[in-house]
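Fold and geometry: a report
These are the residues of each chain, in order.
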Amino acid sequence: MSRQYTTRRERKRLWCAFFLLLALAAFLLWQELSPGASSIPSPNPAAEGLTLRVIDVGQAQSLLLTCGEDAILVDAGEYAAGGKVLAALSRAGVRNLSAAIVTHPHSDHYGGMRTVLEKIPTAAFYTAAVPESQLPTTQSYEKLLSTLSEQSIPAAYLFAGDTLPLGEATVTVLSPARGATWENLNNYSLVLRVTYGNTAFLLMGDAEAEVEESMLTAKTELAADVLVVGHHGSATSSSENFLKAVAPRYAILSVGEDNSYNLPNTGVLTRLKEQGAALYRTDLQGTVTVTSDGENLTITTAK
């Protein structure tokens, strides 16, 4: 026979227990739904070796570097490419970014970044120090800056000599030097050299021949197995002496299919071939993925 709660004391204890359970459930639900509840993002799956993905974002640039549990996104194409970049991060298993980098403030490099930062927890944001008079005044750039504030992402400038850790790899900034000024905004591009074991990748952004010459004059270490070709293969970049110093085994061009700029420039392609570099192009082969084990490189493409 079931027990009957007949005394006032027993009924009071039962109601107290009920409200305590209700309060606990409400607290747990609030923790689950609260914006600050997931302040510690899930770690990325540990990646073997160093991988560079040159994401196909049309006539623009977006590069993803992964090593160990670290991931760094360098540029994110135009605003319309934001979703495509997010999809590439998802396919790579990236749940959070150690850093997001905008090489310089041209929309084909920063446009999609705010879409990424709104969705992917990011530890830090870096860009080049450009004089205020040369910064864009576009709404899209202002929205990127607002997103950094809204997401509480710390931001800083990078200069030649700075380094960032990437698992067991190292990202070294080669240009621009602190205090350097250029008339052309492209020349403020962050030039990055990524080393892992005995392999090296050189990422040029949109840096042009003047920057190449300045690095040669400074005797900067430029040799690299993989070169992400500067300025989408424009004639303004990839000078002969520079390519001789880099001596890339592989050259990757981020370029849009049937683009109105007629890129890549035929002279640049000729100079790269003369250096013996195997060419890969996002307009022809889609996303290009290069993986290093510290000694050997593996390259795959996906259109």
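Going by the structure above, here's the rest.
Cut-offs and rules
- Residues numbered from 1 in each chain as written.
- Predicted model: local features only at pLDDT ≥ 70, side-chain atom pairs only at ≥ 80, totals over all residues.
- Heavy atoms only, no water.
- Helix = DSSP H or I, 4+ residues; strand = E, 2+ residues; numbered from the N terminus.
- Buried < 20%, exposed > 50% of the residue type's maximum accessible area, 1.4 Å probe, protein only.
- Salt bridge = Lys/Arg side-chain N within 4 Å of Asp/Glu carboxyl O.
- Arc of directions from axis to C-beta.
- Contact = heavy atoms within 4.5 Å.
- Polar contact = N/O pair within 3.5 Å; in protein donor to acceptor, adjacent residues only side chain to side chain.
- Pairing = 2+ DSSP bridges.
- Axes fitted to C-alpha atoms, helices over the stretch in contact; angles between N-to-C directions.

Omega for the peptide link from Ser175 to Pro176 comes to 5°, which places this bond in the cis form. Residue Pro264 follows Leu263 across a cis peptide bond; omega there is 5°. The residue Pro264 is located in the loop between strand S12 (250-253) and helix H8 (266-274) in this model. The residue Ser152 is not glycine, and still its phi comes out positive at about 55°. For Ser152, the position within the fold is in the loop between helix H5 (139-150) and strand S6 (155-157). Of note, the phi angle at Ser238 is positive, near 60°, even though the residue is not glycine. Considering the arrangement of structural elements, one finds Ser238 in the loop between strand S11 (226-228) and helix H7 (240-246). For Ser238, a relative accessible area of 1% corresponds to the buried category.

On inspection of all chains with the given rule, the structure shows 5 salt bridges. For Arg193, the salt bridge goes to Glu221, with nearest N and O atoms at 4.0 Å. A residue pair is termed long-range when its members are at least 10 positions apart, and Arg193 in strand S9 (residues 191-196) and Glu221 in the loop between helix H6 (209-217) and S11 qualify at 28 residues. With a relative accessible area of 48%, Glu221 lands in the partly exposed category. Across the pair Glu257 and Lys303 runs a salt bridge, and its minimum N-O distance is 3.9 Å. Placement of the pair is Glu257 in the loop between S12 and H8 and Lys303 in the segment after strand S15 (297-302), with a sequence separation of 46 residues. No difference in accessibility class separates Glu257 from Lys303, as the two residues are exposed.

This brings us to H8. All of the buried residues along H8 are Val268, Leu269 and Leu272. Each buried residue of H8 lies within a common arc of 100° when the element is viewed along its axis, so the set occupies one face. Relative to its buried face, H8 has exposed residues pointing more than 90 degrees away, namely Thr266 and Glu274. Elements in contact with the buried residues of H8: S11, H7, S12 and strand S13 (278-281). Its side-chain oxygen placed 2.8 Å from the backbone nitrogen of Gly267, Asn265 serves as the N-cap of H8. Count one or two residues on from H8 and you reach Gly276, which has phi positive near 85°.

Moving on: the environment of Val226. Within the secondary structure, Val226 is located in strand S11. On the basis of relative accessible area, Val226 is assigned to the buried category, the value being 1%. For Val226 and Ala277, which are 51 residues apart along the polypeptide, the C-alpha to C-alpha distance reads 8.9 Å. Not counting residues up to four positions away in its chain, the partners in contact with Val226 are Leu52, Ala200, Phe201, Leu202, Tyr250, Ile252, Val290 and Leu297.

Our focus in this paragraph is the sheet that holds strand S8 (residues 169-175). As summarised here, the arrangement of the 7 strands in space is S7-S8-S9-S10-S11-S12-S13, forming an open sheet in which the pairing is mixed. The open sheet has two edge strands, strand S7 (163-166) and S13, and neither has a second partner. Shown here is a sheet whose adjacent strand axes are inclined to one another by a mean of 20°, direction ignored. Taken strand by strand, H8 contacts S11, S12 and S13, and its axis lies near 140° from that of S13.

These values are about where atoms sit, not about what they do.
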